[in-house]
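# Fold and geometry: a report
Letter by letter, the chains look like this.
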Amino acid sequence: MTDHALLLVNLGSPASTQVADVRRYLNQFLMDPYVVDLPWPLRRLLVSLILVRRPAQSAHAYASIWWEQGSPLIVLSRRLQAAMQAHWTQGPVELAMRYGEPSLDSVLSRLAAQGIERVTLAPLYPQFADSTTTTVIEEARRVVRTRKLPIRFSILQPFFDQPEYLDALADSARPYLQQGFDHLLLSFHGLPERHIRKLVKGIDPQHDLRSASSEGVSDEVLAVCYRSQCLRTAEAFAARMGLRPGQWSVSFQSRLGKDKWIEPYTETRLDELGRQGVKKLLVMCPAFVADCIETLEEIGDRGLEQFQAAGGERLELVPCLNDHPSWVEALNQLCARAPQQI
Ligand SMILES: C=CC1=C(C)c2cc3[nH]c(cc4nc(cc5[nH]c(cc1n2)c(C)c5CCC(=O)O)C(CCC(=O)O)=C4C)c(C)c3C=C
Ligand SMILES: [Fe+2]
Ligand SMILES: [Fe+2]
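Residues numbered from 1 in each chain as written. Chains lettered and ligands numbered in written order. Predicted model: local features only at pLDDT ≥ 70, side-chain atom pairs only at ≥ 80, totals over all residues. Heavy atoms only, no water.

Per an unreviewed UniProt entry, the protein chain goes by the name Ferrochelatase and belongs to Phytopseudomonas dryadis. Under the UniProt heading Function (unreviewed entry), the note attached to the protein chain is "Catalyzes the ferrous insertion into protoporphyrin IX." UniProt annotates the protein chain under Subcellular location (unreviewed entry) with the comment "Cytoplasm". (UniProt positions renumbered as here; feature names shortened; annotations may be inferred.)

Printed below as a string of structure tokens:
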């Protein structure tokens, strides 16, 4: 059978580091109601305000990490796509981005024109959030509906606690941990607390968004609570690596706007760790499967400066899974058991 495609989907990047391209990308990204979850008039107003200064700042940041072949996120995702093709024998392996190019619309239309009727859709996010997983699935469904494409989906489920993903994380990080370190910080992308509260309120309105551990969280809450899923990933990783309590901690990065985001903030932890006398800090970012502006610039550049200003000496960024062979194998196994949608 060669008519069953695998479609990897990541977030996407601006077309270039030009301010106009960054503004176009940020506008598409932030006007997504799953990302800025306000009614349209308020969303339009808030995003327009963000677009006054942010595009120039972000363009500068993108320019500092951009590669000759393009955005690291896209280049690394292409490498993963190429590596996956050797494992996925049921049909083509394609890559789409939720924002920017290649769009879900263009890739799904091309697959349908080639006669592909089954697609395993793989949102490349280990932990579930409406602003990442849900928006990919809904956009893919919208394209199929509006273009009347004869495509049926299987969908890769969030894999934050799956042994294949955790083993791949352990394999890719092990050489860095073996070199020795004073502390390991697992920095996940943040999320406004409101995004989680609205999902858990019908299940457990008292769910604690400050807890230090995912222990005792019910399966129902765990299924929708991004923060608990991040904690669960970190705890399982620490157990696999035999880390002692106090040797590692979790934080959340990339806060945007004035809303309350999930804590502790990575910025705060970098200051604390530097002041507490940590000299060699390892940072890994398990919410990202590919290195991107958030890992390379926010942690690798700005995070390092901040850590050193607080008294730290070395900050080593553990690369994301990218196209690590263990991850390629793991992703193939996870995708092979993705449930078919009705
Ligand atoms: C890993 C999961 C991610 C979640 C959850 C997420 C939520 C989220 N992000 C923003 C705002 C921005 N994120 C930006 C970059 C970015 N975000 C993710 C992943 C998640 N985002 C990735 C992989 C990237 C990198 C893109 C790249 O091209 O390298 C940016 C753009 C960069 C910048 O200007 O800082 C913004 C803005 C919100 C508001 C949000 C949840 C509500
Ligand atoms: Fe983001
Ligand atoms: Fe960021």
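### Some remarks on the coordination of the iron ion (ligand 3)
Protein coordination of the iron ion (ligand 3) is provided by E294 (OE), E294 (OE) and E298 (OE), with donor distances spanning 2.1 to 2.7 Å. Taken together, the residues span about one helical turn, with E294 and E298 both in helix α11 (residues 293-309) at a distance of four residues. With respect to class, E294 is no different from E298; both count as buried. (Donors = N, O, S within 2.8 Å, 3.2 Å for Na, K, Ca; no water. Helix = DSSP H or I, 4+ residues; strand = E, 2+ residues; numbered from the N terminus. Buried < 20%, exposed > 50% of the residue type's maximum accessible area, 1.4 Å probe, protein only.)

### Some points on the packing of aromatic side chains
In total, this model carries eight aromatic pairs according to the counting rule given. Summarising the aromatic geometry, the rings of Y62 and W66 are spaced 5.8 Å apart at their centres and angled 80° between planes, so their arrangement reads as edge-to-face. Among the residues examined, Y62 registers a relative accessible area of 7% and is labelled buried. On the basis of relative accessibility, which here comes to 23%, the residue W66 falls in the partly exposed class. Look at Y165 and W327: their rings are 6.5 Å apart centre to centre, the planes differ by 70°, and that puts the pair in the edge-to-face class. Taken together, the residues span a long stretch of sequence, with Y165 in helix α6 (residues 163-178) and W327 in helix α12 (residues 325-336) at a distance of 162 residues. The burial state of Y165 is the same as that of W327; both residues are buried. Members of the aromatic cluster, joined through ring pairs, are Y25, F29, Y62, W66 and Y99. (Phe/Tyr/Trp six-rings, centres within 6.5 Å; stacked < 30°, edge-to-face > 60°.)

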